[in-house]
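The lines below spell out each chain.
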Number of protein chains: 2
Amino acid sequence: MTLDLAAYIRDVPDFPSPGIVFKDITPLLADRDALACAIERLAEFARPLRPDFVMGAEARGFILGGALAHKLGCGLAIARKPGKLPRATIRSEYALEYGTDALELHADTIGEGARVLIHDDLLATGGTAQAKIDLVRQVGADVVGLAFIIELAFLNGRERFDDLPVRSLLHVEGE
Amino acid sequence: MTLDLAAYIRDVPDFPSPGIVFKDITPLLADRDALACAIERLAEFARPLRPDFVMGAEARGFILGGALAHKLGCGLAIARKPGKLPRATIRSEYALEYGTDALELHADTIGEGARVLIHDDLLATGGTAQAKIDLVRQVGADVVGLAFIIELAFLNGRERFDDLPVRSLLHVEGE
C-alpha cells in the first residue's frame, strides 16, 4: 500500500506539558487501511530478521505488538510496569526526566537464545527501548531489531542502537 | 486449530491480593500457535457481526485489540485511562471495589452509526465492559458484540449484556 501514514498522525501542541508536541496515533489506528498499512510495513522490515518473539511494553507498545507478532507468526512477550505481572520477573530500570521507572518481564517468557524484535509506538531518546534490550539480554536472548511507528529523529535515540537494525514508519525531523 | 487454550493460562493464587486467583494470559500470548488460535477464534465470532471498529481499553485490551481489528479489516478505537488521550474526549465512569475509575475515548474516533465490537482480556462483573458500551453509545454508534479471552462465569457479568452477542474463549466456572 502507498498510503501517506503521516496524514494519520495528529500533532497536539502542549500535551502532556507546555512546549511538548504530542504525536497522536489514534487516527492511524482507527483507519482500517492505515492500520493495515502500518502493520504490513513493520512486518516487511521484521520478517527477514526471523524473530521468535515480538516484545511490546505497556501500554502503547501493546497496541500493534500483538498484531505484529501474529502477522510474523511469532509469540508476543509483554513487558509491564512494576507490580503488574503476577509471577517471577526480571526487571530493568530507565531514567525519566525526573527520577526513574522500570519495566518487568516474566522470567520464563523468553528462552535463552531466542530472537526478539522490540516494538514500541515511539522512539524518542531510546531510554525505554534500552530497558527492553536489557530485559532480553538478561535472559540470554538476542535482540534482532527494533521497530517503531514514529521516531523523533532530532533526539538521536537511534544512535544508541548502532549495531541493530532500526525501522520507524515516520520520522519527525524537528520541533 | 484445535488447541486447548486453557493449557496456556496460569492460575496465580493470591495476586494481586489474598484470596484472588489471577488468570495469567502471558503464556498464551508468548506461544505463536496459541496466540494465532485465540485471535482466529475471536475473529470467527466477530466477523459475522460486521464491525467497523474494535474497541480495546487500556492496557490489556490493547494486546489482542489491534490484532483482532487487523484480522477483521476494521479500525481500532482505543479507550484510555483519564488524562492519557490528548484531544477532546468523552468519558464513562465505572465502579471499583472502593471508589470509581473512568475510561476516555477521543470524541471523533467513532462516527455516529458505526458498528463496534468491544474486546477485553477478561469479563468479570462486566463493569468496565459497560463503561465501554456507554462510550460507544454516547457517540451514537452501535455495539454489535463483546469478545473476551477469559470469562469468570461465576460472577455472571454476561447477564448485563443479555441483548448482545458475547463470546469468551475460556470460561472459569468457580473459584
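Rules behind the numbers
- Residues numbered from 1 in each chain as written.
- Chains lettered and ligands numbered in written order.
- Predicted model: local features only at pLDDT ≥ 70, side-chain atom pairs only at ≥ 80, totals over all residues.
- Heavy atoms only, no water.
- Helix = DSSP H or I, 4+ residues; strand = E, 2+ residues; numbered from the N terminus.
- Rg over C-alpha atoms; globule rule 2.2 N^0.38 Å.
- Contact = heavy atoms within 4.5 Å.
- Areas by Shrake-Rupley, 256 points an atom, 1.4 Å probe, with all protein chains shown as cover.
- Lys, Arg positive; Asp, Glu negative; His and termini not counted.
- Charge placed at Lys NZ, Arg CZ, Asp CG, Glu CD.
- Axes fitted to C-alpha atoms, helices over the stretch in contact; angles between N-to-C directions.
- Parallel < 35°, antiparallel > 145°, perpendicular 65-115°, else oblique.
- Nonpolar A, V, L, I, M, F, W, Y, C, P; charged D, E, K, R; others polar.
- Expected span 1.5 Å × (residues − 1).
- Buried < 20%, exposed > 50% of the residue type's maximum accessible area, 1.4 Å probe, protein only.
- Phe/Tyr/Trp six-rings, centres within 6.5 Å; stacked < 30°, edge-to-face > 60°.
- Left-handed = near helix turned anticlockwise from the far one by under 90°.
- Buried area = accessible area lost by both parts, 1.4 Å probe.
- Salt bridge = Lys/Arg side-chain N within 4 Å of Asp/Glu carboxyl O.
- Polar contact = N/O pair within 3.5 Å; in protein donor to acceptor, adjacent residues only side chain to side chain.
- Least-squares fit on C-alpha atoms with pLDDT ≥ 70 in both.
- Disulfide = S-S within 2.5 Å.
- pLDDT = per-residue confidence, 0-100.
- Core = buried A, V, L, I, M, F, W, Y, C linked by side-chain atoms within 4.5 Å.

Peer 1: I'd love a proper account of the overall build of chain A, names of residues and values included.
Peer 2: The secondary structure content of chain A amounts to 4 helices and 9 strands. Order of helices (α) and strands (β) in chain A, N terminus to C terminus: β-β-α-α-β-α-β-β-β-β-α-β-β. Computed over its C-alpha atoms, the radius of gyration of chain A comes to 16 Å, within 12% of the 16 Å expected for a compact globule of 175 residues. For chain A, contacts bridging at least 24 residues in sequence account for 55% of all contacts bridging at least 6. Taken as a whole, chain A presents about 7300 Å² of accessible surface, with 47% of it coming from carbon and sulfur. For chain A, the centre of its 19 positive side-chain charges and the centre of its 26 negative side-chain charges are spaced 5 Å apart.

Peer 1: Pulling in residues and values, what's your account of the packing of helix H2 (residues 32-46) of chain A against helix H3 (residues 61-72) of chain B?
Peer 2: At a minimum axis distance of 10 Å, the contact between H2(A) and H3(B) shows a crossing angle of 110 degrees. Considered as vectors, H2(A) and H3(B) are oriented roughly perpendicular to each other. For the pair H2(A) and H3(B), the contacting residues are A:Leu35, A:Ala36 and A:Ile39 in the first and B:Gly66, B:Ala69 and B:His70 in the second. The residue inventory of the contact of H2(A) with H3(B), partitioned by class, reads 4 nonpolar, 2 polar and no charged.

Peer 1: An account of helix H4 (residues 127-138) of chain B is requested, with residue identities and associated values reported.
Peer 2: Residue and element names in this part refer to chain B. Relative to the 16 Å expected for 12 residues at 1.5 Å per residue, H4 spans 17 Å between its end C-alpha atoms, a close match to the ideal helical length. For H4, every residue scored as buried is listed here: Gly 127, Ala 129, Ala 131, Lys 132, Ile 133, Leu 135 and Val 136. The secondary structure elements touched by the buried residues of H4 are strand E3 (53-57), strand E4 (75-79), strand E5 (89-95), strand E6 (100-106), strand E7 (115-123) and strand E8 (142-152). Note on H4: the residue one or two positions beyond its end, Gly 140, has a positive phi of about 75 degrees.

Peer 1: An account of the packing of aromatic side chains is needed here, citing residue identities and associated values.
Peer 2: Residues and elements named next belong to chain A. This model, assessed by the stated rule, comprises 2 aromatic pairs over all chains. An angle of 85 degrees between the planes, with centres 5.2 Å apart, marks the rings of Phe 15 and Phe 22 as edge-to-face. For the pair shown, Phe 15 and Phe 22 are each scored as buried.

Peer 1: Outline the packing of H2(A) against helix H3 (residues 60-72) of chain A, supporting the account with residue identities and numerical values.
Peer 2: Residue and element names in this part refer to chain A. H3 packs onto H2 with a crossing angle of 55 degrees between their chain directions and a minimal axis gap of 10 Å. Comparing their axes, H3 and H2 come out oblique. As for how H2 packs across H3, the hand of that crossing is right-handed. Contacts between H2 and H3 involve Leu 35, Ala 38, Ile 39, Glu 40, Leu 42, Ala 43 and Ala 46 from the first element and Leu 64, Ala 67, Leu 68, Lys 71 and Leu 72 from the second. In terms of residue class, the contact of H2 with H3 is built from 10 nonpolar, no polar and 2 charged.

Peer 1: Residues and numbers for the interface of chain B and chain A, please.
Peer 2: Interface size is commonly expressed as the accessible surface area that is lost when the partners come together. Taken together, the 39 residues of chain B in the interface contact 39 residues of chain A. Around 3000 Å² of area is buried between chain B and chain A when both sides are counted, 64% of it from carbon and sulfur atoms. When the buried surface of chain B facing chain A is broken down by residue, B:His70, B:Pro86 and B:Arg87 rank first, second and third, together holding 18% of it. Across the chain B-chain A interface, the total number found is 4 salt bridges. A salt bridge links B:Arg87 to A:Asp24, with the nearest nitrogen and oxygen atoms 2.7 Å apart. One can count 14 residue pairs in polar contact (both at pLDDT 80 or more) joining chain B with chain A. Those elements giving two or more residues to the side of chain B that touches chain A turn out to be strand E1 (10-13), strand E2 (21-24), helix H1 (26-30), helix H2 (32-46), H3 and E4 of chain B. Here the side of chain B that touches chain A gets 7 residues from one element, more than from any other, and that element is H3(B). In the side of chain B that touches chain A, the residues fall into 20 nonpolar, 8 polar and 11 charged.

Peer 1: I'd like a rundown of the relation of the copies chain B and chain A, residues and numbers included.
Peer 2: If you rotate chain B by 180 degrees and push it 0.0 Å along the axis, it lands on chain A with an RMSD of 0.0 Å. On the angle and the small slide along the axis, the relation comes out as a two-fold axis. Taking C-alpha positions as reference, the residue of chain B nearest the rotation axis is B:Ala67, located at 1.9 Å. In this assembly, 100% of the residues forming the interface of chain B have copies in chain A that are likewise at the interface, indicating an isologous arrangement.

Peer 1: Could you give an account of unusual backbone geometry, with specific residues and numbers?
Peer 2: Trans peptide bonds make up most of the peptide bonds, and negative phi angles are found at most residues other than glycine. Residue and element names in this part refer to chain A. Cis geometry marks the peptide bond from Glu 58 to Ala 59; its omega dihedral reads -10 degrees. Tracing the backbone through its elements, the reader meets Ala 59 in the loop between strand E3 (53-57) and H3. Phi is positive for Arg 50, close to 50 degrees, though the residue is something other than glycine. Mapped onto the elements of the fold, Arg 50 is located in the loop between H2 and E3.

Peer 1: Go over the state of the cysteines, please, and point to the residues and values.
Peer 2: Evaluated as defined, the whole model comprises 0 disulfides over all chains. Free cysteine A:Cys37: the closest other cysteine sulfur is in B:Cys74, separated by 17 Å. When its relative accessible area of 2% is taken as the criterion, A:Cys37 is described as buried.

Peer 1: Which residues make up the confidence of the model for chain A, and what values do they have?
Peer 2: Low-confidence regions, as indicated by low pLDDT, have predicted coordinates that should not be scrutinised in detail. Overall, the prediction assigns chain A a mean pLDDT of 96, with 99% of residues at 70 or greater. Here the prediction assigns the complex a pTM of 0.96, and the interface score ipTM is 0.96.

Peer 1: For the nonpolar core, give the residues involved together with the corresponding values.
Peer 2: Core analysis: the largest hydrophobic core is formed by 72 residues, its most contacted members being A:Leu29, A:Leu64, A:Leu117, B:Leu29, B:Leu64 and B:Leu117. Setting aside residues up to four positions removed in sequence, A:Leu29 forms contacts with A:Leu35, A:Ile63, A:Leu64, B:Gly75, B:Leu76 and B:Ile78.

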